[in-house]
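An overview of the molecular structure
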Amino acid sequence: MQAAPPADRRRRRADLLTHIVLILGVLLFALPVWIVLMGSTHDGAAIGRGEVPLLPGAQGLDAYRRAWTEGAVGTTRVPVALMLWNSFVMAMLIALGKIAISLTSAYAVVFFRFPGRMLAFWAIFITLMLPVEVRIFPTFKVVSDLGMVNTYAGLIIPLIASATATLLFRQFFLTIPDEFVEAAKMDGAGPLRFFRDIVLPLSRTNMAALFVILFVYGWNQYLWPLLVTTSADVETIVIGIVKMIGTESNIDWSVVMATTVLALLPPIAVVVLMQRWFVQGLTDTEK
Amino acid sequence: MQRKTIFPQKGLPYLLLAPQLAITAVFFFWPAGQAVWYAFLRQDAFGIRTQFVGFENFADLFADPYYLQAIWTTVFFSVSVTVLSMSVALLLAALADREIRAAGLYRTLLIWPYAIAPAIAAVLWLFLFHPSIGLLGRGLNAMGVAWDYRLNDGQAMLVVILASAWKQVSYNFIFFLAGLQAIPRAVLEAAAIDGARPIRRFWTVVFPLLSPTAFFLLVVNIVYAFFDTFGIIDALTKGGPGKATETLIYRAYLDGRVNLDLGMSAAQSVVLMIMVIGLTIVQFRFIERRVHY
């Protein structure tokens, strides 16, 4: 047998090392999720005693059934089904709402000339510098003065303005050829028809990408729902889990683990299924 | 940049802008203005009278050793999170960019953690590092290390840094990978023909071309560590033990929510606002330069 030339051998060794490091990287992210996934099929008391299982247990989906209908016994007892629904409504309406109002704002700024146009654009742009965390109590006061505490409206509307989405759509609208607009005008199509028949279909990819980013953003909110929701009816799943682990005694750990899995699934599904648009969109939006 | 062909309507654009501007005015500008206004006021102990106190709230804030400690905690925490998550992400991205088998699969398997909420990341790390139910926490105790991040300052800081950095790796990975893929192959081939070894080639040719991405991520990661890690800290340590993991945002939350000190909380909001404005300006000035060059 002939020895491989040194360059070839070096390359093969580098490839092997690459695979090893990447697999370690993948495990670094998969392992914590694997632990809760396996733990959720075991007896909660055993986990509480510190027997961390790495293989499926005998309880099957029982913890999921209990979490779904009863929630965590000993804490808030909000059924996880309700939490999931609340998170879903919040994430959906934030994503769709942000996309809708950003589409129309960007359309107004790009396709019309009117007094105050630049002012409106800058007003939207400047909200980039006012994340909810820095104005949290005054914003809470406004929401409570408007009677929106513990409502979906209070949870969602204050988060719905979006400078990034508006900037992205504006950027994209500027690339729509003038000929399209002229042709539409010649056909006698007004601005609303042009918006519906030409602009919306052309924006589909951008909308899909933004949807992923904004759905995840909405689903993962923590500080704002923590302040605005005190009643179980509007509790989101991210808040619900942290409340479950907050008591430290008498926790049914398998229910907590099952709830964690349920909280992870929807946003991960959205990211993985729409990965192609998402990666493109994320790197476009933020630049 | 402006379009040449536009629609002539005058009223319609205002209608189209109305929802976004209404929300911006009611939930952004009005509260931000209120925060600035409250920062200069002080209420008496009974909450009956309020008086204008100028910069007194700010003076008190910066005279408070606990606030200065929170600044130091935030800086240490943010720098650690940023350095750790960016270096791991850069390593993984550089490797995933190589022409190897299953490269696409690796990418998907490293991108999905983007979807994990900070607070959920904290719960996952609890199951690793909890002293009595966590896999590693128990292991450490069995090995004779007195591990309990709920009691030990340094361990608490370590756990929140690890969880926060872990959650941010996939975001950085996506951007580094996009940055690497944008580098023209011809540049890399030229460097390879010059005979430079891969690691040397990376630092002398590839990394300088990645520096705009790295700089952008630097700002994003600092903002993330400042604000978005609230859920991680709240779920794992609640700022404790003592004040060991109390960052600026956590302190502002405690002062407003628990201590109900609106003047001091507002003054802290203003300090944070100035920091965000500063970071945003740095980022946009830099990006503008890049666009023009």
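Residues numbered from 1 in each chain as written. Chains lettered and ligands numbered in written order. Predicted model: local features only at pLDDT ≥ 70, side-chain atom pairs only at ≥ 80, totals over all residues. Heavy atoms only, no water.

So, about the interface of chain B and chain A. Facing 93 residues of chain B, the contacting portion of chain A comprises 107 residues. Around 9400 Å² of area is buried between chain B and chain A when both sides are counted, 74% of it from carbon and sulfur atoms. Close ionic contact of Asp15 of chain A with Arg98 of chain B constitutes a salt bridge, the shortest N to O distance being 3.1 Å. Between chain B and chain A we count 15 residue pairs in polar contact (both at pLDDT 80 or more) in total. Broken down by class, the residue content of the side of chain B that touches chain A amounts to 65 nonpolar, 15 polar and 13 charged. (Contact = heavy atoms within 4.5 Å. Buried area = accessible area lost by both parts, 1.4 Å probe. Salt bridge = Lys/Arg side-chain N within 4 Å of Asp/Glu carboxyl O. Polar contact = N/O pair within 3.5 Å; in protein donor to acceptor, adjacent residues only side chain to side chain. Nonpolar A, V, L, I, M, F, W, Y, C, P; charged D, E, K, R; others polar.)

For the second largest pocket, the calculated volume is near 1400 Å³. Taken together, 30 residues line the second largest pocket, and the ones lying closest to its centre are Ala94, Arg98, Pro198, Ile199 and Arg201 of chain B. Counting residues per element, the ones that place at least two in the lining of the second largest pocket are α1 (6-39) of chain A together with α3 (65-96), α8 (185-193) and α9 (198-228) of chain B. Looking at the lining of the second largest pocket, the element that brings in the most residues is α1 of chain A, giving eight residues. (1 Å grid on protein atoms, 1.4 Å probe; cavity = no way out; pocket = protein on both sides within 12 Å on 5 of 7 lines; lining within 4 Å. Points joined across faces, edges and corners; volume = space filled by probe spheres on them. Helix = DSSP H or I, 4+ residues; strand = E, 2+ residues; numbered from the N terminus.)

What the rule picks out here adds up to 13 salt bridges over all chains. A salt bridge links Lys243 of chain A to Glu235 of chain A; its shortest N-O distance comes to 2.9 Å. Residue Asp60 of chain B is joined to Arg42 of chain B by a salt bridge in which the shortest nitrogen-to-oxygen separation is 2.8 Å. You can see Asp60 of chain B sitting in helix α2 (residues 56-63) and its partner Arg42 of chain B sitting in strand β1 (residues 41-43), a full 18 residues away along the chain. Overall, Arg42 of chain B belongs to the partly exposed group, its relative accessible area being 28%. Overlapping salt bridges bring together Arg193, Arg196 and Asp197 of chain A as one network. (Buried < 20%, exposed > 50% of the residue type's maximum accessible area, 1.4 Å probe, protein only.)

Each α-helix winds once per 3.6 residues, and so residues spaced three or four apart point in a common direction. Helix length check: helix α11 (residues 204-219) of chain A (16 residues) gives 22 Å between terminal C-alpha atoms against 22 Å at 1.5 Å per residue, within 8%. Of all 16 residues that make up α11 of chain A, 13 are buried, and the element is covered over most of its length. (Expected span 1.5 Å × (residues − 1).)

A few words on the UniProt feature "transmembrane region" (unreviewed entry) in chain B. All names here are of chain B. UniProt annotation of "transmembrane region" (unreviewed entry) refers to residues 12-32, 70-96, 108-128, 205-227 and 266-287 when read in the numbering used here. Structurally, residues 70-96 is divided into 100% helix and 0% strand, and its ends, taken at the C-alpha atoms, are 38 Å apart. A distance of 24 Å separates the end C-alpha atoms of residues 108-128, which is 71% helix and 0% strand. (UniProt positions renumbered as here; feature names shortened; annotations may be inferred.)

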